[in-house]
Amino acid sequence: MVFFSESLGIPSLRVLAQKLLELLFDYEVEKEPLLFHVFSNAGVMLYRYVLELLQTHRRFCHLRVVGTIFDSGPGDGNLLGALRALAAVLEHRPAALRLLLLMAFALVAVLFHVLLAPLTSLFHTHFYDRLLGAASRWPELYLYSRADEVVLARDVERMVEARLAHRVLVHSVDFVSSAHVSHLRDYPTYYTSLCVNFMRSCVQC
């Protein structure tokens, strides 16, 4: 549902992003350094609004973000990948229902892209495009895989290049063979060491 609302330019995740940031004050940790760990495109969609709130909301602009880790994202409009992700979610549903839902999703996605994208682009920037030029300058770590069939490696690599061009300190690791959001499961020790070392370097900066 989030994917459709975002395609229509409805910022459905903005409220959730604000609640997430307000939790920092509820738990009285708002003065501690923050590191975001973002998973797949749904996580990136939410993170996009977190960034906007950090820049525009008076209560959140003093929060100290030290870095962001992106796992299996961001991706830029991969319909085939979205279908694969939906198929995985529907794996245990009856075959006929699964096929019907996949066909309906594909049809609606194509209609949104062809008919509505030109209209919504007038007042709503796609999350991928928004992140390409994001004003944030804290370090970023991109964990991805060329074997990912949901978010393409070339989309992540294009984001890395864009962020480097904005003078952001960027690290990226291609796990080569692990599937979408499966890097930790396939390489637990390596993945953990990458995240911990990145976190330490961010806090020490």
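See the structure above.
Criteria and thresholds
Residues numbered from 1 in each chain as written. Predicted model: local features only at pLDDT ≥ 70, side-chain atom pairs only at ≥ 80, totals over all residues. Heavy atoms only, no water. Helix = DSSP H or I, 4+ residues; strand = E, 2+ residues; numbered from the N terminus. Salt bridge = Lys/Arg side-chain N within 4 Å of Asp/Glu carboxyl O. Patch = residues over 30% accessible without salt bridge, like charges linked within 9 Å, V, L, I, M, F, W, Y side chains within 5 Å. Areas by Shrake-Rupley, 256 points an atom, 1.4 Å probe, with all protein chains shown as cover. Buried < 20%, exposed > 50% of the residue type's maximum accessible area, 1.4 Å probe, protein only.

Asker: Just checking my understanding: could you explain the environment of Val15 for this structure?
Answerer: Among the structural elements, Val15 can be located in helix α2 (residues 14–26). Taking C-alpha positions, Val15 is 8.7 Å from Tyr49, a pair spaced 34 residues apart along the chain.

Asker: Can you walk me through the pattern of salt bridges in this structure?
Answerer: Pairs can form between side chains of opposite charge whenever their charged atoms are close. In this structure the tally under the stated criterion is 7 salt bridges. Close ionic contact of Glu52 with Arg14 constitutes a salt bridge, the shortest N to O distance being 3.3 Å. With Glu52 in helix α3 (residues 40–56) and Arg14 in helix α2, this residue pair connects regions lying 38 residues apart in the sequence. Between Arg163 and Glu140 there is a salt bridge, and its shortest N-O distance comes to 3.3 Å.

Asker: What's the story with a nonpolar patch on the surface in this structure? I'm lost.
Answerer: Nonpolar side chains collect at one region of the surface, where Leu20, Leu23, Tyr27 and Val29 lie side by side and expose about 370 Å² of accessible area between them. By relative accessible area, Tyr27 is classed as exposed at 63%.

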